[in-house]
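The residues making up each chain are set out below.
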Amino acid sequence: MKKSKKNFIPFHLFVIFSILFLIGINFLTRTGSAHPDIPIRVVILNTIYLAIPILLIFGILMIILSVIKKKFMIDQIDYSTLRFLFYTSRIGGIIQILWLTIFILIVFLDDRNIWGGKTGFYIREIPQLVLAILMIPAWKWSLVGFIVFGIAGVYYARWVFLTPIAMLQTFLMWSAPLLVVAIIFIIHWRFQKNLIEIQSEN
């Protein structure tokens, strides 16, 4: 089996995606930071919180491009890369589920109508609960993960059209992370299938 002596993630790719990550963070947080009445600690916490989906998007995209580049360079994916893709897809999915859950919880705590807030909280938490349950089969079968997170990404994309003032921000926070997680699920499934086929031929 051929091995690449180059780094898994090229330095220039890391620099490019780091810059894109900083631009994305600035794009999501510029509205809050522009108001001097908001305490600095709130701005910092909000920035850290909003950094999670942006980190998922650009981090996973960087991994996807690195894996594709490695595939073309050595024409084969080894077990260590497959294992890395396996855990990246699963952990990325869990992080985004937790992020969505916390987001809804923040909305619930900010709701002045306590009972109405509880009803809204329970209703809004149903998709996250379904995602969390479906993570069980998705953890074992990457194809299931691709289908589940792909559908979830499309489902949450509807919020983009319900919030026309902040369409791009909503897409980056809600839908895009789920879609890139779905992509890395299908890449892992495809490369794993190719490796099994190669081994069966040998």
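Refer to the structure presented above.
Below is a short write-up of the structure. (Residues numbered from 1 in each chain as written. Predicted model: local features only at pLDDT ≥ 70, side-chain atom pairs only at ≥ 80, totals over all residues. Heavy atoms only, no water.)

Moving on, we come to the environment of Tyr49. Examined against the element boundaries, Tyr49 turns out to sit in helix H2 (residues 40-74). Owing to a relative accessible area of 15%, Tyr49 belongs among the buried residues under this scheme. With 53 residues separating them along the chain, Tyr49 and Ile102 place their C-alpha atoms 9.7 Å apart. If near-sequence neighbours (up to four positions away) are discounted, Tyr49 is found in contact with Trp99, Ile102, Phe103 and Ile106. (Helix = DSSP H or I, 4+ residues; strand = E, 2+ residues; numbered from the N terminus. Buried < 20%, exposed > 50% of the residue type's maximum accessible area, 1.4 Å probe, protein only. Contact = heavy atoms within 4.5 Å.)

Turning our attention to the side chain of Ser89. Looking at where Ser89 falls in the secondary structure, it is placed in helix H3 (residues 79-109). A polar contact of 3.0 Å, which involves the side chain of Ser89, links it to the backbone oxygen of Leu85. Excluding residues that lie within four positions of it along the chain, Ser89 makes contacts with Val181, Ile184 and Phe185. (Polar contact = N/O pair within 3.5 Å; in protein donor to acceptor, adjacent residues only side chain to side chain.)

All right, on to the nonpolar core then. Here is a general trend for soluble globular proteins: nonpolar side chains tend to be buried in one another's company. The biggest cluster of nonpolar side chains holds 44 residues, and the ones touching the most others in it are Leu131 and Phe149. When residues in this core are grouped by element, the largest group, 13 residues, is from helix H7 (residues 167-201). Aside from chain neighbours lying at most four places away, what touches Leu131 is Ile97, Val148, Phe149, Ala152, Tyr156 and Leu178. (Core = buried A, V, L, I, M, F, W, Y, C linked by side-chain atoms within 4.5 Å.)

Among the surface-exposed residues, Phe11, Phe14, Val15, Ile16, Ile19, Leu20 and Ile23 lie close enough to one another that they form a single nonpolar patch of about 650 Å² accessible area. Secondary-structure assignment places Ile23 in helix H1 (residues 11-33). (Patch = residues over 30% accessible without salt bridge, like charges linked within 9 Å, V, L, I, M, F, W, Y side chains within 5 Å. Areas by Shrake-Rupley, 256 points an atom, 1.4 Å probe, with all protein chains shown as cover. Salt bridge = Lys/Arg side-chain N within 4 Å of Asp/Glu carboxyl O.)

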